[in-house]
Amino acid sequence: MKLNNLNDLFLHELQDIYSAENQITKALPVMMEACSSDKLRTAFQDHLEMTERQIDRLDRVFELMGQKASGEHCKAMEGIIKEAESMMKEKAEAEVMDAALIASAQRVEHYEIAAYGTVCTYAKQLGLTDVMDLLHETLEEEKMTDQLLTQIAETSINLKAQ
Ligand code: FE
Ligand code: FE
Ligand code: FE
């Protein structure tokens with residue numbers, strides 16, 4: 001697909017995020033299995049459900065744009081998940097593995113925060129208010145999730161790992 005303008009780039013970025021979110025729904029259940037802390041597992045479960053709603057939201061965005069969701073594969077998310085998978089294969093104390101899972105999960109969230117920040121800016125620039133509202137809702141969820149993970153790490157998981 002040739003990118004002629006910001007609208008084309010916007011659609012390209014949306015496809016990338018759509019792929020990333022779908023990959024995350026497959027990775028989170030695996031991370032939940034590797035997890036020992038109930039608190040962390042619940043946070044992953046909650047974010048899995050949130051991610052499914054974010055995918056629905058992206059479906060609505062594509063609908064509003066008159067486009068189909070498909071095509072792109074987010075290689076960056078594939079890489080982040082691969083790294084998490086190899087970490088999960090390491091021999092580690094349960095508490096240390098939990099800390100490592102948070103480290104991986106926060107890489108995922110930061111990628112998403114960057115991606116959603118970009119498409120929010122594009123949507124605003126393109127005057128797509130309804131689309132921007134949907135994307136902004138997700139951006140705030142990703143930020144909240146990142147903060148929650150930091151809080152769980154600092155108040156519990158990292159202390160146990162230490
Ligand atoms: Fe997400
Ligand atoms: Fe990507
Ligand atoms: Fe997320």
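What counts as what
Residues numbered from 1 in each chain as written. Chains lettered and ligands numbered in written order. Predicted model: local features only at pLDDT ≥ 70, side-chain atom pairs only at ≥ 80, totals over all residues. Heavy atoms only, no water. Helix = DSSP H or I, 4+ residues; strand = E, 2+ residues; numbered from the N terminus. Buried < 20%, exposed > 50% of the residue type's maximum accessible area, 1.4 Å probe, protein only. Contact = heavy atoms within 4.5 Å. Areas by Shrake-Rupley, 256 points an atom, 1.4 Å probe, with all protein chains shown as cover. Axes fitted to C-alpha atoms, helices over the stretch in contact; angles between N-to-C directions. Parallel < 35°, antiparallel > 145°, perpendicular 65-115°, else oblique. Left-handed = near helix turned anticlockwise from the far one by under 90°. Donors = N, O, S within 2.8 Å, 3.2 Å for Na, K, Ca; no water. Expected span 1.5 Å × (residues − 1). Arc of directions from axis to C-beta. Phe/Tyr/Trp six-rings, centres within 6.5 Å; stacked < 30°, edge-to-face > 60°. Salt bridge = Lys/Arg side-chain N within 4 Å of Asp/Glu carboxyl O.

Caption draft 1: Representation of the overall build of the protein chain in the model. Looking only at helices and strands, one finds 5 helices and 0 strands in the protein chain. For the protein chain, the sequential pattern of α-helices and β-strands runs α-α-α-α-α. Overall size of the protein chain, expressed as C-alpha extent along the three principal axes, is 50 × 25 × 20 Å. When each of the 162 residues of the protein chain is scored for burial, the buried share is 46%. For the protein chain, contacts bridging at least 24 residues in sequence account for 80% of all contacts bridging at least 6. Element-wise, carbon and sulfur atoms account for 50% of the exposed surface of the protein chain, whose accessible area totals about 8900 Å².

Caption draft 2: Fine view of the packing of helix H1 (residues 6–34) against helix H5 (residues 129–161). One can describe the packing of H1 onto H5 by two numbers: an axis separation of 14 Å at closest approach and a directional angle of 40°. The orientation of H1 relative to H5 falls into the category oblique. The chirality of how H1 crosses H5 is left-handed. Mapping the contact onto sequence places Phe 10, Leu 14 and Glu 21 in H1 and Val 131, Leu 135, Thr 138 and Glu 142 in H5.

Caption draft 3: Spotlight on the coordination of the iron ion (ligand 3). Protein coordination at the iron ion (ligand 3): the donors are His 47 (NE2), Glu 109 (OE), Glu 109 (OE), Glu 112 (OE) and Glu 142 (OE), at 2.0 to 2.6 Å from the metal. Each donor residue of the iron ion (ligand 3) belongs to the same chain, and together they define the spacing H-x61-E-x2-E-x29-E. Separation of the iron ion (ligand 3) from the iron ion (ligand 1) amounts to 3.2 Å, with Glu 112 serving as a shared donor to the pair. Linking Glu 109 with Glu 112, this pair stays in helix H4 (residues 94–125), spanning 3 residues, or about one helical turn.

Caption draft 4: Inspection of helix H3 (residues 75–88) at higher detail. With 14 residues, H3 extends 20 Å between its outermost C-alpha atoms, agreeing within 8% with the 20 Å of an ideal straight helix rising 1.5 Å per residue. Turning to H3, its buried residues are Met 77, Ile 80, Ile 81, Ala 84 and Met 88. Buried residues of H3, seen end-on, are gathered within an arc of 95° and therefore sit on one face of the element. The secondary structure elements touched by the buried residues of H3 are H1 and H4.

Caption draft 5: Up close: the packing of aromatic side chains. Applying the stated criterion to the full structure yields 1 aromatic pair. With a centroid separation of 5.6 Å and 90° between ring planes, the pair formed by Tyr 18 and Phe 62 is classed as edge-to-face. Here Phe 62 lies in helix H2 (residues 38–65) and Tyr 18 lies in helix H1, a separation of 44 residues in the sequence.

Caption draft 6: Highlighting the coordination of the iron ion (ligand 1). Surrounding the iron ion (ligand 1) are the protein donor atoms Glu 21 (OE), Glu 21 (OE), Gln 54 (OE1), Glu 112 (OE) and Glu 142 (OE), at 2.0 to 2.3 Å. Each donor residue of the iron ion (ligand 1) lies on one chain, and together they are spaced E-x32-Q-x57-E-x29-E. Owing to a relative accessible area of 0%, Glu 21 belongs among the buried residues under this scheme. The exposure class of Glu 142 is buried, given its relative accessible area of 0%.

Caption draft 7: Expanded view of the pattern of salt bridges. This structure, assessed with the given rule, holds 6 salt bridges. For Arg 41, the salt bridge is made with Asp 38, and the minimal N-O distance between the two is 3.0 Å. With Arg 41 and Asp 38 both in helix H2 and 3 residues apart, the pair spans about one turn of that helix. We note a salt bridge from Glu 141 to Arg 57, for which the minimum N-O separation is 3.0 Å. In this pair, Glu 141 sits in helix H5 while Arg 57 sits in helix H2, placing the two residues 84 residues apart along the sequence. Grouping residues by exposure puts Glu 141 and Arg 57 together as buried.

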